[in-house]
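Fold and geometry: a report
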Amino acid sequence: MLEAAGVTAVEEQVYGALVDWPADTAAAIATLLGLSFDETTAVLASLEAKGLMSRTADRTPRFLATPPDIAIEPLILQRQAELQETRRAVDELLRRYRASRRPREAAELVEVVVGRPAVAQRFQQLQRRAEREVLVLVKPPFAIPHEANDTELDLLARGVTARAVYERSVLESDGGSAAVARYVAAGEQARVVDELPVKFALIDGSEAFVPLTPDDPETEPTFMVVHRSGLLAALIALFESLWERAFELSALTAHPPGRPSRLTPADAQLMSLLLAGLTDKAIAGQLGLSIRTVHRRISALLDRAQVSTRLQLGWYAAQHGWLDGYGPAAGPPGARGGAE
């Protein structure tokens, strides 16, 4: 019972004997407890050093137990002081541990990738690891050509959900809407906004691929891989906010057989680009038409809807389901690969 105060079991045994039979000799105590004389002598010396007993001045000394309240209390206070010192030592070790871990933890949360080949390779690795979803914000310039991202098509084929928000300039670039239509036809859920503040890809909600350096086609790109952290949560929230405000691009693909629609595939593509905010010149370039033909077809749609402005045309198309049935059926939120 006294081990917590620094008294060993055999010392406690001898001290207890002295409490019960005071003024015994070392030989008597040894006989009583079944200990050797030498062991008993050593234990008595230890008890005396700890203040637990005293001896008489006889030629053959007898030993007396110090009263427990006087003997044990100082040992308890001493042990408490030692434990307090141990606590302070632990606190200091904890401070040093946390200080040494901070840089290491930061390095584990963010991985930096430099150079076009390394960026392309790391992005493909991240995409191939996707099991549920890949979310992406897409804007030029592209470190990886967005029309050449066949890995996304593989992901879509094996059931990974894909959502992409495109900056309108992507659709206005040469071949841009055709490249997007290729992904949409494969199952990507695509939307468009006028301008994006940043571009990145999110993989399964656990990793993000984000550019670190300003967009400059003449310099080597630098990206970072962000692992689970507050920063990753902020990127996910940003994507969802932009997704809610973006315009759907499902009508970029040809009309699937057996699904009803009020527009021909060609007119649906034109309406989709028109509602996405592209200029007539950009629409003409994307569809391979002349400006005059685009004007004529838009005028025909205005007449068909019996409205006089393009704003009214957009409202009418939405109210009357002109674009219903184009592109993939609506599904749960998912993602697309391509932090180009």
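In what follows, the structure referred to is the one given above.
Cut-offs and rules
Residues numbered from 1 in each chain as written. Predicted model: local features only at pLDDT ≥ 70, side-chain atom pairs only at ≥ 80, totals over all residues. Heavy atoms only, no water. Helix = DSSP H or I, 4+ residues; strand = E, 2+ residues; numbered from the N terminus. Buried < 20%, exposed > 50% of the residue type's maximum accessible area, 1.4 Å probe, protein only. Contact = heavy atoms within 4.5 Å. Areas by Shrake-Rupley, 256 points an atom, 1.4 Å probe, with all protein chains shown as cover. Pairing = 2+ DSSP bridges. Axes fitted to C-alpha atoms, helices over the stretch in contact; angles between N-to-C directions. Phe/Tyr/Trp six-rings, centres within 6.5 Å; stacked < 30°, edge-to-face > 60°. Expected span 1.5 Å × (residues − 1). Arc of directions from axis to C-beta.

Notes on the overall build of the protein chain
Across its full length, the protein chain holds 13 helices and 11 strands. Here the protein chain, with 340 residues, has 42% of them falling under the buried criterion. Sequence separation of 24 or more characterises 73% of the internal contacts of the protein chain that already satisfy a separation of 6 or more. Split by element, the accessible area of the protein chain, about 17,900 Å² in all, is 55% carbon and sulfur.

Regarding the sheet that holds strand β6 (residues 161-167)
The strand order across the open sheet built from eight strands is β4-β10-β9-β8-β5-β6-β7-β11, with neighbouring strands paired in mixed fashion. Each edge of the open sheet is held by one strand with a lone partner, namely β4 (110-114) and β11 (247-248). Bridge count for β4 against strand β10 (residues 222-226) is five bridges, and the pairing is antiparallel. Each residue of the ladder has a partner; that of V114, found in β10, is T222. Lying on the sheet, helix α9 (residues 230-245) is in contact with β5 (133-138), β6, β7 (189-193), β8 (200-203), β9 (207-211), β10 and β11; it crosses β8 at an angle near 110°.

Comments concerning the packing of aromatic side chains
Summed over all chains, the structure comprises three aromatic pairs. For the ring pair F209 and F223, a centre distance of 4.8 Å and an interplane angle of 25° mean the geometry is stacked. With F209 in strand β9 and F223 in strand β10, this residue pair connects regions lying 14 residues apart in the sequence. Between F239 and W243, the aromatic rings sit 6.0 Å apart at their centres with planes inclined by 20°, giving stacked as the arrangement.

Considering the pairing of β5
Burial analysis of β5 places six of its six residues in the buried class, which makes it a mostly covered element. Covered by surrounding structure in β5 are E133, L135 and L137 together with V134, V136 and V138, the residues of both alternating faces. As paired elements, β5 and β6 share six bridges and run parallel to each other. Pairing of V136 across the sheet is with A164, part of β6. Across four bridges, the pairing between β5 and β8 is antiparallel. Note on β8: the bridge partner recorded for L137 is F200.

Some points on α9
The terminal C-alpha atoms of α9, which comprises 16 residues, lie 23 Å apart, in line with the 22 Å expected from a rise of 1.5 Å per residue. Of all the residues in α9, the buried ones are L232, L235, F239, L242 and W243. Buried residues in α9, looked at end-on, bunch into an arc of 105°, giving them a common side. Of the exposed residues in α9, the ones pointing more than 90 degrees away from its buried face are G230, E244 and R245. Looking at the buried residues of α9, the elements they touch are β5, β6, β7, β8, β9 and β10.

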